[in-house]
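# Structural characterization, general
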Amino acid sequence: MPIIINIDVMLARRKMSSGELAQKVGITPANLSILKCGRAKAVRLSTLEALCSALDCQPGDILEFQPQEKEE
């Protein structure tokens, strides 16, 4: 998948646990795990906003685009 989720990186930078982040954002630890592993099909903008607020970061700090190489 060309979209990389960097929640683990931001958690390490903020010295915060996943459980603490889930509580601050208002989502279950299971749903946070789905986001962290990149298995989520979509992210609500309100959830992204809450993540950015809790981690004191910008959306670009959490989401990264890495284009896939095209086969010729």
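Within any chain, residue numbers begin from 1 and follow the written order of that chain's sequence. For a predicted model such as this one, the threshold for reporting local features is a pLDDT of at least 70, and the threshold for listing and counting side-chain atom pairs is 80 or more; totals across whole chains, interfaces and linings nevertheless cover every residue. Excluded from the side-chain calculation are hydrogens and water; included are all heavy atoms of the structure.

### Topic: helix 1 (residues 7-14)
- Of the positions making up helix 1, those classed as buried are Ile-7, Met-10 and Leu-11. Take helix 1 and look down its axis: the buried residues cluster within an arc of 105°, on one side only. For helix 1, the exposed residues lying more than 90 degrees away from the buried face are Ala-12 and Arg-13.
- Throughout, a contact is declared for two residues whenever any of their heavy atoms are within 4.5 Å. Under the DSSP-based scheme used, a helix requires at least four consecutive residues in state H or I and a strand at least two consecutive residues in state E, with every element numbered from the N terminus. Among the structural elements, strand 1 (3-5), helix 2 (18-25), helix 3 (29-36), helix 4 (45-55) and helix 5 (59-62) are those in contact with the buried residues of helix 1.
- Looking one or two places after helix 1, you find Lys-15, whose phi comes out positive at around 55°. Using a 1.4 Å probe on the protein chains alone, a residue whose accessible area is under 20% of its type maximum counts as buried, one over 50% counts as exposed, and one in between counts as partly exposed. By construction, the arc corresponds to the directions joining the helix axis to the C-beta atoms.

### Quick word on the nonpolar core
- Grouped together as the largest cluster of nonpolar side chains are 18 residues, with contacts concentrated most on Ile-7, Leu-21, Leu-32, Leu-51, Leu-55 and Ile-62.
- Every element with two or more residues in this core is listed here: helix 1, helix 2, helix 3 and helix 4.
- When residues in this core are grouped by element, the largest group, five residues, is from helix 4.
- For Ile-62, the residues in contact, after removing those within four places along its chain, are Ile-4, Ile-5, Asn-6, Ile-7, Met-10, Leu-48, Leu-51, Cys-52, Leu-55 and Cys-57. Take the buried residues of types Ala, Val, Leu, Ile, Met, Phe, Trp, Tyr and Cys, join any two whose side-chain atoms come within 4.5 Å, and each joined set is a nonpolar core.

### Some words on the pattern of salt bridges
- Each reported salt bridge corresponds to a side-chain nitrogen of Lys or Arg within 4 Å of a carboxyl oxygen of Asp or Glu. By the definition in use, this model includes two salt bridges.
- Its salt-bridge partner being Lys-36, residue Asp-8 comes within 3.2 Å of it at the nearest N-O pair. Separated by 28 residues along the polypeptide, Asp-8 in helix 1 and Lys-36 in helix 3 bring together distant segments of the chain.
- In this structure Asp-8 comes out as partly exposed when scored by relative accessible area, which is 44%.
- Among the residues examined, Lys-36 registers a relative accessible area of 23% and is labelled partly exposed.
- With its nearest N and O atoms 3.7 Å apart, the salt bridge here joins Glu-20 to Lys-24.

### Brief notes about the packing of helix 1 against helix 3
- For helices, the fitted line uses only the C-alpha atoms of the stretch in contact; every axis is such a line through C-alpha atoms, and the angle between N-to-C directions lies from 0 to 180 degrees. Where helix 1 contacts helix 3, the two axes come as close as 9 Å, and the packing angle between them is 115°. The orientation of helix 1 relative to helix 3 falls into the category roughly perpendicular. When helix 1 is examined against helix 3, the residues Ile-7, Asp-8 and Leu-11 are found in contact with a partner set consisting of Leu-32, Leu-35 and Lys-36.
- The classification used treats Ala, Val, Leu, Ile, Met, Phe, Trp, Tyr, Cys and Pro as nonpolar, Asp, Glu, Lys and Arg as charged, and all other residues, Gly among them, as polar. Considering only residue class, the contact of helix 1 with helix 3 consists of four nonpolar, no polar and two charged. Reported orientations rely on four angle classes, namely roughly parallel under 35 degrees, roughly antiparallel over 145, roughly perpendicular from 65 to 115, and oblique for the rest.

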